[in-house]
Amino acid sequence: MKRLVWRLVFSSIFFSAALIINVEILKIIFFVVSYLFAGYDVVISAFRNILRGDVFDENFLMAVASLGAFAIGEAPEGVAVMLFYQIGELFQSYAVGQSRKSIAALMDIRPDYANVKTEDGLVVMDPEEVKPGDIIVVKPGEKVPLDGIVIDGSSMLDTSALTGESVPRDITTGSDILSGCININGLVTARVTKEFEESTVSKILDLVENAGSKKSKSEQFITKFARYYTPAVVIIAALLAVVPPLIIKEATFSQWIYRALSFLVVSCPCALVISVPLSFFGGIGGASKKGILVKGSNYLEALANTEIVVFDKTGTLTKGVFNVQEIHPEGISEQELLELTAYAENYSNHPISSSLKRAYKNEINAERISNVEEIPGHGVSAVIDSRKVAAGNVKLMEKMKIDYNKNEFSGTVVHMAVDGIYAGLIVIADEVKEDSKNAISKLKNINIKQIVMLTGDTLKAGEKAARELGLHKVYAELLPADKVEKVEELLAEKSLKGKLAFVGDGINDAPVLARADIGIAMGGLGSDAAIEAADIVIMTDEPSKIATAIKISQKTLNIASQNIIFAIGIKLVILLLSALGYATMWAAVFADVGVAIIAILNSFRALNVKDID
Amino acid sequence: MKKKFMLEGLDCANCTAKIEKEVNALKGVESASVSFMTTKMIIEGDEDKMADIIVAAEKIVNKYEPHVKFKAL
């Protein structure tokens, strides 16, 4: 690249000199020298390619255009075409290099080394050589090299490179740590749980690097367009050089050859072919900065046309953690009801049991419990301090012929009886995430037509959450297979161009993720299943990132369309003007090089996602 | 099987498209993609033909972009 810069500097000096000098012979010599400095390699590759029969090669076209200009006595144009073409190429490769670098910087999460504890003390190793079970030490300021579990020390982890989340995460003994995060302050010793190839950082890098292989429709269009555009322009140029001078009396060959040569200058499709994938790559890179991983340009493109967003409830809009929401005692105190129920459920490993114990807060004294009997599908009975306690659902109460509170509650209800007398109920439910409401209103703001929730929960619980969040529709009491069916019904409701996105947590919903136009998995950090099954992975568990992703996709698509329209538009106008004799070869050089540069600069904007939230 | 290659110095987007098209047409190649942005080529194809595929792919790359260094990853 440096050599090319010097060549172009010399070429420009000779070119300027040639324009100033008045001695005819020196002028010609200077032009030729300038030309050779700028484009000798282009001419050489042109010869090599023509021997191979590739007449639509850009080197060949540029060589013909510039040498042709010399031949018809337009030496300044001939040199200018080559000089500016090369300057354009130089700028293009610089711009592409910059863009590659800035995206690489974004993805600069690959750890370079791991400090492994061995018998000889700490040894610095390549993360790829470290095995699961090895003990590693992560010092403050270092990247976590491999996924693992903390066995000693505590610290704060900066996960922003993976999640876009700026609040650090506290870690202590027993916490999982993920490769690619940065250890902020404490010294942490961890046991490696996964090989480097299987670790989070490798998976993410792999995913982003391979995103280019799934091409968007815009990219496919451009590649196809380029395939026909160049031959078409070259054929028209050939006809333009020969036909009019033969038909029209006053037309001269040199005049029409000049126009034909301008055509050749505009015939290179590079501006388009570079700027469209560059836009998408920028969009994907920008999204990853926000903790949104997109597996291909095609998904980013589809996302821009989202009409329906379908959410799974548990773990996506809600926390997926069950908590005691309401306590309705009868004849005993709230605390006593909670205590007895927690004791009765002590031996159950159902999530309900743990939520009761969490709400009770005190230690369970197991000596107080005897005669525990589980009644499958009903509940549990036990003797606690010589009182006979029964806790369970409606069916248990009916079986024991106990009159109970028949009001409807949203959530799972645990009824309780003491010595055969009804003592009240406890409502346990999943909590809506703080971010969910914000997520839904953001989606409404960007005109998503339908926001739907699917849930296996009761209709009551589903409707309550839907009301709270302002959803358009809710389908409740669904089995996993029903969810696919519902998504298919909704797919039929969207317009031809519109897309349906399904958002789940990646657990149990792989079939639905696959069936939707775009499958989005939430909370992908550390969940392999989610990363595998989805087209887009949201690394944090914030549903509001869906709206962010859609906004980024729309911006990216906009930029790509601008580039397509602008580049094709200018080229067609210049082609038309030069056919009519209004545009000079200088204008043609602009249509080729200038347009490419402007389109590349425009596509840089896709990478900037700072103002998108 | 899947093979990845680095095409160091790849700087012509149109050539990239041409390379991708021709490698895809090779016998035994299921799918091939060349990313201009990451300058990586990924070839998926028959395991027993892979050796031939790699030789042919390198030839195609050199034809369009003689200065590109072709490296297996």
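Residues numbered from 1 in each chain as written. Chains lettered and ligands numbered in written order. Predicted model: local features only at pLDDT ≥ 70, side-chain atom pairs only at ≥ 80, totals over all residues.

## A word on the overall build of chain A
Summing up its helical and strand segments, chain A has 21 helices and 22 strands in all. The principal-axis extents of the C-alpha atoms in chain A amount to approximately 120 × 65 × 35 Å. A total of 613 residues make up chain A; the buried ones form 48% of that total. (Helix = DSSP H or I, 4+ residues; strand = E, 2+ residues; numbered from the N terminus. Buried ≥ 20, exposed ≤ 12 C-beta atoms within 10 Å, placed from the backbone.)

## Digging into the nonpolar core
All names here are of chain A. Core analysis: the largest hydrophobic core is formed by 201 residues, its most contacted members being Val81, Leu261, Val309, Val310, Phe502, Ile520 and Ile536. The leading source of residues in this core is helix α20 (residues 545-580), at 13 residues. When residues of this core are assigned to domains, at least three fall in each of domain 1 (114-201) and domain 2 (320-431). Among residues more than four places away in sequence, those in contact with isoleucine 536 are Ile292, Leu293, Val294, Lys295, Tyr299, Ile518, Ile520 and Ala549. (Core = buried A, V, L, I, M, F, W, Y, C linked by C-beta atoms within 7 Å. Domains from an automatic or database assignment. Contact = placed C-beta atoms within 7 Å.)

## Brief notes about the sheet that holds strand β3 (residues 135-138) of chain A
Within a sheet, each strand pairs with its neighbour through backbone hydrogen bonds, oriented either parallel or antiparallel. All names here are of chain A. Read across the sheet, six strands follow the order β2-β1-β3-β9-β4-β7 without closing on themselves; strand pairing throughout is antiparallel. Because the sheet does not close on itself, it has two edges, and the strands there are β2 (121-125) and β7 (176-177). Sheet topology places strand β4 (residues 148-152) next to β7; two bridges connect them, and they run antiparallel. Across the sheet, the residue bridging to glycine 148 is isoleucine 177, located in β7. (Pairing = 2+ DSSP bridges.)

## Focus on the domain arrangement of chain A
Domain boundaries assigned for chain A yield domain 1 (114-201) and domain 2 (320-431). Between domain 1 of chain A and domain 2 of chain A, the C-alpha centre-to-centre distance is 42 Å.

## A short note on the sheet that holds strand β8 (residues 182-183) of chain A
All names here are of chain A. Strand order in the open sheet formed by three strands is β6-β5-β8, and the pairing between neighbours is antiparallel. Looking at strand neighbours, the two that pair on one side only are β6 (169-171) and β8, the edges of this open sheet. Examined bridge by bridge, strand β5 (residues 155-158) and β6 share three bridges and lie antiparallel to one another. Residue pairing across strands places serine 155 opposite isoleucine 171, the latter belonging to β6.

## A closer look at the environment of asparagine 346 of chain A
Residues and elements named next belong to chain A. You can see asparagine 346 is positioned in the loop between α12 (334-344) and α13 (351-360). A count of 20 C-beta atoms within 10 Å places asparagine 346 in the buried class. When the C-alpha atoms of asparagine 346 and valine 372 are compared, they prove to be 9.4 Å apart, with 26 residues separating the residues in sequence.

## Some points on the interface of chain B and chain A
Contacts between the two partners involve eleven residues from chain B, matched on the other side by 18 residues from chain A. Looking at the side of chain B that touches chain A, the elements that each hand over two or more residues are α1 (13-24), β2 (29-35) and β3 (40-45) of chain B. It is α1 of chain B that provides the largest number of residues to the side of chain B that touches chain A, a total of three residues. Looking at side-chain class alone, the side of chain B that touches chain A contains five nonpolar, four polar and two charged residues. (Nonpolar A, V, L, I, M, F, W, Y, C, P; charged D, E, K, R; others polar.)

## A word on the confidence of the model for chain B
Of all residues in chain B, 100% have pLDDT values of 70 or greater, and the mean over the chain is 88. Reported confidence for the predicted complex is 0.79 by ipTM and 0.81 by pTM. (pLDDT = per-residue confidence, 0-100.)

## Observations regarding helix α21 (residues 585-604) of chain A
Three- or four-residue spacings in an α-helix give side chains the same orientation, since the helix completes a turn every 3.6 residues. Residues and elements named next belong to chain A. With 20 residues, α21 extends 29 Å between its outermost C-alpha atoms, agreeing within 8% with the 28 Å of an ideal straight helix rising 1.5 Å per residue. For α21, the principal kink sits at alanine 591 and spans about 30°. Within α21, the full set of buried residues consists of Met585, Ala588, Val589, Phe590, Ala591, Asp592, Val593, Val595, Ala596, Ala599, Ile600 and Ser603. (Expected span 1.5 Å × (residues − 1). Bend = angle between axes of the 7 residues up to and from the residue.)

## With respect to the environment of valine 34 of chain B
All names here are of chain B. Relative to the helices and strands, valine 34 resides in strand β2. Judged by the 26 C-beta atoms lying within 10 Å of it, valine 34 is buried. For the pair valine 34 and alanine 57, spaced 23 residues apart in sequence, the C-alpha to C-alpha distance is 11 Å. Those residues in contact with valine 34, other than ones at most four positions away along the chain, are Leu7, Thr16, Ile19, Glu20 and Met41.

## A few points about the packing of helix α8 (residues 253-266) of chain A against α20 of chain A
Residue and element names in this part refer to chain A. Their axes nearest at 9 Å, the elements α8 and α20 cross at an angle of 170°. In terms of orientation, α8 and α20 fall into the roughly antiparallel class. Seen from α8, the contacting residues are Arg259, Ser262, Phe263 and Val266; seen from α20, they are Lys571, Ile574, Leu575, Ser578 and Ala579. Grouping the constituent residues of the contact of α8 with α20 by class yields five nonpolar, two polar and two charged. (Axes fitted to C-alpha atoms, helices over the stretch in contact; angles between N-to-C directions. Parallel < 35°, antiparallel > 145°, perpendicular 65-115°, else oblique.)

## Details of the pairing of strand β14 (residues 379-384) of chain A
Residue and element names in this part refer to chain A. With five bridges connecting them, strand β13 (residues 369-375) and β14 associate as antiparallel partners. Across the sheet, the residue bridging to isoleucine 375 is glycine 379, located in β14. The loop that links β13 with its antiparallel partner β14 comprises three residues; one of these, glycine 377, has a positive phi angle of about 80°. Strand direction decides the pairing type here: β14 and strand β15 (residues 387-392), joined by six bridges, are antiparallel. Bridge assignment links serine 381 to a residue of β15, and that residue is alanine 390.

## A look at the pairing of β2 of chain B
Residues and elements named next belong to chain B. Direction of pairing for β2 relative to β3: antiparallel, over a ladder of six bridges. Looking at the pairing, alanine 32 lines up with isoleucine 43 of β3. Once β2 ends, the chain turns through four residues before running back antiparallel as β3, passing threonine 39 with a positive phi of about 50°.

## Brief notes about unusual backbone geometry
Residue and element names in this part refer to chain A. Here aspartate 385, not a glycine, exhibits a phi torsion of approximately 50°, which is positive. Residue placement: aspartate 385 occurs in the loop between β14 and β15. Positioned with a positive phi, asparagine 447 is a non-glycine residue whose angle comes to about 65°. Assignment of secondary structure puts asparagine 447 in the loop between α15 (434-445) and β18 (450-454). Look at asparagine 447 and you get exposed, because 9 C-beta atoms sit within 10 Å.

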